[in-house]
Amino acid sequence: MADDKPDVARLVDEGAKAIGLPIAPEYRANVILNVERSLMIARPLLEVDLDDELTPGPVFRP
Amino acid sequence: MSARRPVDPLSKAATAAEIARAVSHDKVKATAVVEAALERIAATEPTVNAFTDIVAERARKRAAEVDAGKHHRGPLAGVPFAVKNLFDIEGLPTRAGSKINVDGPRAARDAALVRKLEAAGAILVGGLNMGEYAYDFTGENAHYGPSRNPRDTTRMSGGSSGGSGAAVAAGEVPLALGSDTNGSIRVPSSLCGLFGLKPTYGRLSRAGSFPFVDAFDHLGPIARSTEDLALSFDAMQGPDPDDPVCTHLPPEPTLPHLGEGIGGLRIAIAGDYFARGAEPEAFAAVATVAEALDAAKTVVLPQAAAARAAAYVITAIEGAQLHLPRLRTRPQDFDPDTRERFMAGALLPGAWYVKAQRFRRHYRANVLKVFEEVDIVLAPATPCTAPRLGQTMMKLGGVELPVRANLGLFTQPISFIGLPVVVAPLQRRGGLPIGVQIIAKPYNERAALRVAAFLEAQGVASAPPA
């Protein structure tokens, strides 16, 4: 469904504003490209279902 | 471990062990060894560009002290070595491949592993080129130029410990330290044709090194022989309260076990994810090693593709978080090849990060089940031999993919859960070298090193001809 495709350019523009990260016009296209690549590479992780009981492995020792 | 003819300890073919033996038995002076290394570096650097800092006076002073008996002649007596420039070197800024860090403070003391190697008699000669902030698999660097593959200087050394691979492959030094977050020791070891060790996560101290992704950062050696990996690894082992994830377990020497062969070790080949999406030479290398080890069984590390995705997500988000202040204030001073990737990482959802960390525990449990059935798993180290410098896309298994993101395709799912790996290099007649990962369960570096030593003794794995 074409409507499901995220508007990555908008995500980059608005997200960068929200976290106070200025992105110069000459960097913008590559940032968008890299977010798009991240969406693609992350997919196998996002498709995995995990049990609610599964917590991250702790490493912090007080 | 293979039977070798006596090697001149002043030559570039000499291993760390051979140099240390010669110095310890007064066959050669440490000062002469260091001088020979400095001469090789001066002669080789114009073509290889492995070093960013050479500490000649410090090295000469230390060598004179070793010769004068001021320092205990340890197992690495007189061995010149160099470190990726994310290791602190007293008096120098810790570049971590960047231009920005040069404006920062100079290191007040050497990194923990530099101190440990020098305590064993080794002599630091310099800092090595690397991909900026270690976010790299190529060895390219816009600020300092690429470290070049000595086998073909038009090609990548691999990264991000590119200078470490290039310096050892060119014979400038017999031993270098690198870091490996997603494959940065294993990729240059494969592309330059060297032995490399990425130890178990937390087994070697990272104190005094510039971080990248704390969840995955490892340090380790690159060398011309398995013996040198074991020798240096043993010298660097031990707890360190200065690194919060460093082991509390005492050192377990590996060197005495190198010659034990492969008897009793259950060895299998990684199938599924690790058996597709690469060039034929990567799979041929695994097949050659498997045949030499008489390993026919195939095992599956379940959900390795998701593990690679999770490693990618954690890396992107942790790395971006670390550099966010600099991305805000000095974006123009970043390497263009890292800047926009870091910026993109700052915009990825936090929910992905937490899911990736939760998945990490799940994947670890399942992979450790595989290691109940086998002791060693074999997998390609890189999906191809060294790409050309500047190359941005490559074909893997018929699919066009970005070079930067995919050279670590087979290394990422392993470092993701901190398993120890030795890369065994295969020198291919008429072609470029390529490495095979010898993967063991946590804290079983000994088994991986035994297998690599066996392959070396059989003549299957070797460093490039000097």
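Visitor: Pulling in residues and values, what's your account of the overall build of chain B?
Guide: Of the regular secondary structure elements, chain B holds 14 helices and 13 strands. Computed over its C-alpha atoms, the radius of gyration of chain B comes to 20 Å, within 12% of the 23 Å expected for a compact globule of 466 residues. Out of the 466 residues in chain B, the part that is buried amounts to 61%. Expressed as a percentage of contacts within chain B between residues at least 6 apart in sequence, the contacts between residues at least 24 apart total 77%.

Visitor: Can you tell me about the overall build of chain A, naming the residues and giving the values?
Guide: Scanning chain A from terminus to terminus reveals two helices and zero strands. Per-residue burial for chain A yields a buried fraction of 15% across its 62 residues.

Visitor: Account for the sheet that holds strand 8 (residues 298–299) of chain B, with residues named and values stated.
Guide: Residue and element names in this part refer to chain B. Spatial strand order, 1-3-2-4-6-5-12-13-9-7-8: eleven strands in an open sheet with mixed pairing. In this open sheet, the two edge strands, each paired with only one partner strand, are strand 1 (51–54) and strand 8. Of the strand pairs in this sheet, strand 5 (residues 195–198) and strand 6 (residues 218–223) are connected by two bridges, and their pairing is antiparallel. Residue pairing for strand 6: Gly-196 is matched across the bridge by Ile-222. Of the strands in this sheet, strand 1, strand 2 (80–84), strand 3 (123–128), strand 4 (175–180) and strand 6 are in contact with helix 5 (residues 162–169), which crosses strand 4 at around 155°.

Visitor: I'd like to hear about the pairing of strand 13 (residues 434–440) of chain B, residue by residue, with values.
Guide: Residue and element names in this part refer to chain B. Most of strand 13 is tucked away, with seven of its seven residues classed as buried. The alternating pattern of strand 13 places Ile-434, Val-436, Ile-438 and Ala-440 on one face and Gly-435, Gln-437 and Ile-439 on the opposite face, and all of these are buried. Note: strand 9 (residues 376–380) against strand 13, five bridges, orientation antiparallel. Residue pairing in the sheet places Pro-380 in a bridge with Val-436 of strand 13.

Visitor: Residue-level account of the nonpolar core, with values.
Guide: Residue and element names in this part refer to chain B. Formed by 165 residues in total, the largest nonpolar core has its most connected members in Val-125, Val-313 and Leu-378. No other element matches the 13 residues that helix 9 (residues 304–329) contributes to this core. Residue contacts for Val-125: discarding those within four places in its chain leaves Val-34, Ala-37, Leu-38, Ile-41, Ile-54, Val-55, Ala-59, Pro-80, Phe-81, Ala-82 and Val-173.

Visitor: Which residues make up the interface of chain B and chain A, and what values go with them?
Guide: Of the residues lining the interface, 33 residues belong to chain B; the matching set on chain A comes to 29 residues. Listing elements by their share of the side of chain B that touches chain A, those giving two or more residues are helix 9, helix 10 (336–345) and helix 11 (350–373) of chain B. The biggest single contributor to the side of chain B that touches chain A is helix 11 of chain B, with eleven residues. Class assignment of the residues belonging to the side of chain B that touches chain A gives a composition of 21 nonpolar, three polar and nine charged.

Visitor: Let's hear about helix 11 of chain B: which residues, and what values?
Guide: The terminal C-alpha atoms of helix 11 of chain B, which comprises 24 residues, lie 36 Å apart, in line with the 34 Å expected from a rise of 1.5 Å per residue. Among all positions of helix 11 of chain B, only B:Trp352, B:Lys355, B:Ala356, B:Arg358, B:Phe359, B:Arg360, B:His362, B:Tyr363, B:Val367 and B:Phe371 are buried. Where helix 11 of chain B is buried, its residues touch helix 2 (25–46) of chain A together with helix 9 of chain B.

Visitor: So what's going on with the pairing of strand 5 of chain B? Which residues, and what values?
Guide: Residues and elements named next belong to chain B. A two-sided burial pattern is seen for strand 5, the buried positions comprising Phe-195 and Leu-197 on one face and Gly-196 and Lys-198 on the other. Taken together, the three bridges between strand 5 and strand 12 (residues 421–426) define a ladder with antiparallel strand orientation. The partner of Lys-198 across the bridge, within strand 12, is Val-421.

Visitor: Please set out unusual backbone geometry residue by residue, giving values where relevant.
Guide: Residue and element names in this part refer to chain B. Between Gly-159 and the following residue, Ser-160, the backbone shows a cis peptide bond with an omega angle of 10°. Along the chain, Ser-160 falls in the loop between strand 3 and helix 5. With a phi close to 70°, Ala-134 is a non-glycine residue in the positive phi region. Counting through the fold element by element, Ala-134 comes out in the loop between strand 3 and helix 5. Residue Ala-134 is classed as buried on the basis of its C-beta count, with 29 C-beta atoms lying within 10 Å. At Gln-303, a residue that is not glycine, the phi angle is positive and equals roughly 65°. Looking at the element boundaries, Gln-303 is found in the loop between strand 8 and helix 9.

Visitor: Residues and numbers for the environment of B:Leu455, please.
Guide: Residue and element names in this part refer to chain B. As for its position among the elements, Leu-455 is in helix 14 (residues 445–457). For the pair Leu-455 and Ala-170, spaced 285 residues apart in sequence, the C-alpha separation works out to 22 Å. When residues no more than four places from it in sequence are discounted, the contact partners of Leu-455 are Val-289, Ala-292, Ala-424, Val-460 and Ala-461.

Visitor: Summarise the environment of B:Ala42; cite the residues concerned and give the values.
Guide: With respect to the helices, strands and loops of the structure, B:Ala42 is situated in helix 2 (residues 30–48). When the C-alpha positions of B:Ala42 and B:Arg361 are compared, they lie 47 Å apart, and in sequence the two are 319 residues distant.

Visitor: Mind laying out helix 7 (residues 226–236) of chain B, listing which residues take part and the relevant values?
Guide: Since the α-helix advances by 3.6 residues per turn, residues separated by three or four positions end up pointing in the same direction. Residues and elements named next belong to chain B. Of all eleven residues that make up helix 7, eleven are buried, and the element is covered over most of its length. Residues Thr-226, Glu-227, Asp-228, Leu-229, Ala-230, Leu-231, Ser-232, Phe-233, Asp-234, Ala-235 and Met-236 constitute the buried set of helix 7. Taken from the residues just after helix 7, Gly-238 is the one with a positive phi, measuring 130°.

Visitor: How would you sum up the packing of helix 9 of chain B against helix 10 of chain B? Please name residues and give values.
Guide: All names here are of chain B. Remark: helix 9 packs on helix 10, axes separated minimally by 8 Å, with the N-to-C direction vectors making an angle of 110°. Judged by the angle between their axes, helix 9 and helix 10 are roughly perpendicular. Contact residues: Ala-316, Ile-317, Gly-319, Ala-320, His-323 and Leu-327 in helix 9; Phe-342, Met-343, Ala-344 and Gly-345 in helix 10. By residue class, the composition of the contact of helix 9 with helix 10 is seven nonpolar, three polar and no charged.

Conventions and cut-offs
Residues numbered from 1 in each chain as written. Chains lettered and ligands numbered in written order. Predicted model: local features only at pLDDT ≥ 70, side-chain atom pairs only at ≥ 80, totals over all residues. Helix = DSSP H or I, 4+ residues; strand = E, 2+ residues; numbered from the N terminus. Rg over C-alpha atoms; globule rule 2.2 N^0.38 Å. Buried ≥ 20, exposed ≤ 12 C-beta atoms within 10 Å, placed from the backbone. Contact = placed C-beta atoms within 7 Å. Pairing = 2+ DSSP bridges. Axes fitted to C-alpha atoms, helices over the stretch in contact; angles between N-to-C directions. Core = buried A, V, L, I, M, F, W, Y, C linked by C-beta atoms within 7 Å. Nonpolar A, V, L, I, M, F, W, Y, C, P; charged D, E, K, R; others polar. Expected span 1.5 Å × (residues − 1). Parallel < 35°, antiparallel > 145°, perpendicular 65-115°, else oblique.

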